[in-house]
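Spelled out from the first residue to the last, the chains are:
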Amino acid sequence: CFSGGIPHWQQQYEYQKNILFNIAGQPNVDGLLIWANILSHTLDRTGLEAFCQRYAPLPIISMGIVLPSFPSIRIDMREGMHKLLSHLIEDHGRRKIAFIRGLEISQDAEERYQAYLETLQEYNLSLDPGLIVSGDFRRDSGTAAVIQLMDTRPMRFDALVSANDNMAIGAMQALQAQG
């Protein structure tokens, strides 16, 4: 397992972790399962294809995003987000659901955001743009999103959903700090 950083990301220590991508190769592995959806935070499809091609001729499987040049395992991010939101609406009666988006370049983040929009529409809940906050998948951006929702805007919401776990953890910590 080579847990590198996010390519081209200069925040925190991500760029330093990228050296691990240079270690993976024919001398030490027989193939690679590449979490393309994580790499898509900063790489578009062309960049993802190029990233994977650098490891040729190793067998490669793209995980999370379908890449035409490689066998791929697709993860249905949209359905998972829909189920989460439906649960909050049906089982908990939530109606004002705030959402922390991921980076717009990320296909995963966009699928989760589209599921948010579609689910609100499905349940005839009005879209309040003030409840949507941008994030960048880091814990700090979840914290910043809560501060923005509660202090800067301030918005009233009865549930908060995040496009990834790191932002959700940051958001939970910020909510706990606010009491």
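None of the values given here were measured: they were computed from a predicted structure.

Colleague: Would you mind going over the sheet that holds strand β5 (residues 132–134) in detail, with residue names and values included?
Modeller: Strand order in the open sheet made by the three strands is β5-β4-β6, with parallel pairing throughout. Looking at the sheet topology across the chains shown, the edges are occupied by β5 and β6 (159–162). Taking the axes of each pair of neighbouring strands and ignoring which way they run, one obtains an average angle of 20° across the sheet. Relative to β5, strand β4 (residues 97–101) runs parallel, the two being bridged by three bridges. By the bridge assignment for β5, arginine 101 is matched with serine 134. Strands β4 and β5 of the sheet are contacted by helix α5 (residues 107–122), whose axis makes an angle of about 165° with β4.

Colleague: Help me get a handle on the environment of proline 154, residues and values and all.
Modeller: Structurally, proline 154 is set in the loop between α6 (139–152) and β6. Placed 115 residues apart in sequence, proline 154 and leucine 39 show a C-alpha to C-alpha distance of 33 Å.

Colleague: Could you give an account of the packing of α6 against helix α7 (residues 165–178), naming the residues involved and the relevant values?
Modeller: Their axes nearest at 6 Å, the elements α6 and α7 cross at an angle of 45°. Put simply, α6 runs oblique to α7. As α6 runs across α7, the sense of the crossing is right-handed. On α7, the residues touching Arg139, Ser141, Gly142, Thr143, Val146, Met150 and Asp151 of α6 are Asn166, Met167, Ile169, Gly170, Ala171, Gln173, Ala174, Leu175 and Gln178. Residue classes in the contact of α6 with α7 are distributed as seven nonpolar, seven polar and two charged.

Colleague: Run through the environment of alanine 145, naming residues and quoting values.
Modeller: Tracing the chain through its elements places alanine 145 in helix α6. The spatial distance from the C-alpha of alanine 145 to the C-alpha of alanine 171 is 7.0 Å, given a sequence separation of 26 residues. Contacts of alanine 145, omitting those with residues within four sequence positions, involve Ile100 and Val133.

Rules of the game
Residues numbered from 1 in each chain as written. Predicted model: local features only at pLDDT ≥ 70, side-chain atom pairs only at ≥ 80, totals over all residues. Heavy atoms only, no water. Pairing = 2+ DSSP bridges. Helix = DSSP H or I, 4+ residues; strand = E, 2+ residues; numbered from the N terminus. Axes fitted to C-alpha atoms, helices over the stretch in contact; angles between N-to-C directions. Contact = heavy atoms within 4.5 Å. Parallel < 35°, antiparallel > 145°, perpendicular 65-115°, else oblique. Left-handed = near helix turned anticlockwise from the far one by under 90°. Nonpolar A, V, L, I, M, F, W, Y, C, P; charged D, E, K, R; others polar.

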